[in-house]
Structures are given as structure tokens and as C-alpha cells.
Amino acid sequence: MIIGVPKEIKNNENRVAVTPAGVKELVKHGHTVYVQHTAGEGSGFADDEYVKAGAKILPTIEETYAIADMIIKVKEPIEPEYKLVKKGQLLFTYFHFASDEELTKAMIASGATCIAYETVRDRMGLLPLLIPMSEVAGRMSIQEGARFLEKPQGGKGLLIGGVPGVKPAKVLVLGAGVVGRNAALMAAGLGADVTITDISLPTLRHVAEVMPKNVKTLYSSQHNIENELPDTDLVIGSVLVPGAKAPHLVTKDMVKLLAPGSVMVDVAIDQGGCFETSHATSHDEPVYVVDGVIHYAVANIPGAVPYTSTLALTNATLPYALRLADMGWVEACKADAGLAQGVNVVDGKVTFKAVAEAWNLPYTPLELK
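Residues numbered from 1 in each chain as written. Predicted model: local features only at pLDDT ≥ 70, side-chain atom pairs only at ≥ 80, totals over all residues. Heavy atoms only, no water.

### Quick notes on the sheet that holds strand β3 (residues 56-58)
Moving on, step 1. The strand order across the open sheet formed by eight strands is β3-β2-β1-β4-β5-β6-β14-β15, and the pairing between neighbours is mixed. The open sheet has two edge strands, β3 and β15 (349-350), and neither has a second partner.
Moving on, step 2. Pairing analysis gives three bridges linking strand β2 (residues 32-36) to β3, with the strands arranged parallel. Paired with Gln-36 across the bridge in β3 is Leu-58. (Pairing = 2+ DSSP bridges. Helix = DSSP H or I, 4+ residues; strand = E, 2+ residues; numbered from the N terminus.)

What follows is the structure in C-alpha cells.
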């Protein structure tokens, strides 16, 4: 199979979909890999390293899309790329269709096959291609939240862990999934007073058993969240409904319960955000203020640490990329029902129910012939 690795063009997206080591494995399996010039530069991988691994370098994104049977990316195609996607081409990347109607309709019109990292399942029903970036985003959410609590950034002027004789900041983490657990662990490690919420009691029991003593658990309800907000300094939104829009756990009115200079970090912004007042931001302009509360809603948080993120992502995606290239997407999905759940759009049809429901589009169950 001919595989293309384009350079990411989303704002401040420095990750690359495949490392030189990943290219070497694909080439070893008999595939031809074309990497766009400087695609890996932002992650610390030079063109020469890709050439040594067996890749061929192409100068432009147009040539990379044009030659490839399968495109492997990190982030969803953005508007300048829509016209480059070919009918019958396989795209393997994060899509988050349920939060982007324009993208969804563009991929439907393209006639391509779109396999979304974020809805692929493993044998335990987990999301193996979302987990590594969720781990990064969860830890980064605390790092960024702590920065914007600083007075020069508009925050309350709090040190997240406090000092002896001065109380630490209070952190509320909404959702005890991979993002939430990593956020809570990072905040606890910095010495914050952490509360983590979820609607699953077994999950909360597990969190209570494994987390440090400065992490408390709380059942997630509107009443409980409203009671926590007036004393909270940093809120982390980390709720995920796989492939669907995130629910709004903090409404416009609830934002007003937070004191001015508090910070809200919406890690769920890729799926529409779990704060009603959220809209996507970029690393160039990461924050905005609503009712005195700082909102951080960068849609590609792991892009700020591309070396770590690229290595972690390739570790997870490469086995799937090899199967898709070796077997073709149909046979690979026949052999792996979890991979088949990643197929969101095929030849103009939406094959993932939550995406169809998000935009009131016809839903066509996936048929593997």
C-alpha cells in the first residue's frame, strides 16, 4: 500500500502521525511511505531520519495526498485539505466528527473512508488510540491551569500547591476517565486540594483506592457541582461520550458561581466541550474570559508537547496502521470488531450512529463485504 504522512497544518500542531521508527516498520512490511517535507520537524524528527528509515520525501501536501492510498494524520483535515481528499482514499486520524458539521459533510462529499482514532475499541472495550493523548491532555490541563491561575495571566494569583501555612488551590475535576484521573494525579502531586467527580460508583471506588489522600471523590450531579464551584479555583472538564458531543456539565449560570480569576480548562472541547460557555481556542490565543472566569479550551492540547505526544501516539496507532496496510481496511475490520467501530464515514455514508445523530444525517450501519 502507498501511505502518505502529511505535515499537520492546524494552528500550532507540531505532532506528526508516524515516527521514523514507525516508517521503518511499514517499509519492512513491504509498503511505500511518502512523508511531506518537514512533517516531523516540529516533533524533533528530520527528513534525513525518515529517508534512512526508508521513506520518500515529497515537497508539498498536495503531492502527499495525491499519491497515497492511505493518509495517516494526527488531527482532522481542516478546510484547505478538504479538496485534497480523494474518493476511495483511506484516512486514519482523529476526526471528532460530532463536534464539526462542516468537516463531517466535507468527508461525506469526498467519498473517502474515514477511520477515527477516537472511536476504535480494544478487546476490553477501551479506547486504545485515545488513551495516550488523553493521558497527555489530562496532565497538561493542570500545567496550563496552574499557569493561568498566576496573576500576570489574569488569574487569582494562587500557587496551586500552596506553601506551609498557606492553603493550596482547590481543583475540581469533572469526569474520572483517563483525562480526569491523570489531571487529578498531576494536581495531587503538586499539592492541590483535589475533588474528582463521576457518575460511576465503581470508578469512584477505584479512584479512592489508588489516588493520594489529597484527592477526594464526589458523585457527579448538578447539585453537587454547584455546591463545589464557589470554593473552587480550577475546574477541569474531562467528560467523554465516545464519538458523541460532550454534555454541558457547567452551564452559563453555574460559571457565575466561580470567583473572578478562577480558571476552567475544557479538555472535552474536541467533542464540543463540557462547559456551556466553551468555544475552541488555539495555542496562539488559548484563553478568553466569561464573567471574570478564565476559559482555556485549546482543541489540541498535546500539540504543545509534540515530542512526547508523537512517540506516545505512534506506539498506539502503529499496530493498527500495519493491519490496515497489510490487509486493507475491509479485511482488517472483519478481523477486528474494535477497529470496525472506528469506521465513521464510508463512500458518502455515515456509519457511526452518534455522528449521524449529532447532525441529523442518515445513518448507515457498516457492512463489511
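### What about the environment of Phe-45?
Moving on, step 1. Structurally, Phe-45 is set in the loop between β2 and α2 (47-53).
Moving on, step 2. By relative accessible area, Phe-45 is classed as buried at 8%.
Moving on, step 3. When the C-alpha positions of Phe-45 and His-29 are compared, they lie 22 Å apart, and in sequence the two are 16 residues distant.
Moving on, step 4. Setting aside chain neighbours within four positions, we find Phe-45 in contact with Val-16, Thr-19, Pro-20, Gly-40, Tyr-50, Tyr-307, Thr-310 and Leu-311. (Buried < 20%, exposed > 50% of the residue type's maximum accessible area, 1.4 Å probe, protein only. Contact = heavy atoms within 4.5 Å.)

### Some thoughts on the packing of helix α1 (residues 20-28) against helix α11 (residues 306-327)
Moving on, step 1. Closest axis-to-axis distance for the α1/α11 pair is 11 Å, and the angle between their directions is 15 degrees. On the basis of their axis angle, the class for α1 and α11 is roughly parallel. The crossing of α1 and α11 is right-handed. Here α1 contributes Gly-22, Glu-25 and Leu-26 to the contact with α11, which in turn contributes Thr-314, Leu-318, Ala-321 and Leu-322. (Axes fitted to C-alpha atoms, helices over the stretch in contact; angles between N-to-C directions. Parallel < 35°, antiparallel > 145°, perpendicular 65-115°, else oblique. Left-handed = near helix turned anticlockwise from the far one by under 90°.)

### Some thoughts on the nonpolar core
Moving on, step 1. Ranked by size, the top nonpolar core spans 74 residues in total, and within it Ile-115, Val-171, Val-194, Leu-234, Ile-236 and Leu-324 carry the most contacts.
Moving on, step 2. Ranked by residues supplied to this core, first place goes to α11 with eight residues.
Moving on, step 3. When neighbours within four sequence positions are excluded, Val-194 is seen to be in contact with Val-171, Val-173, Ala-184, Ala-187, Ala-188, Asn-214, Val-215 and Lys-216.
Moving on, step 4. One finds Tyr-82, Ile-108, Val-345 and Val-355 within the second-largest nonpolar core, a separate group that totals 25 residues. (Core = buried A, V, L, I, M, F, W, Y, C linked by side-chain atoms within 4.5 Å.)

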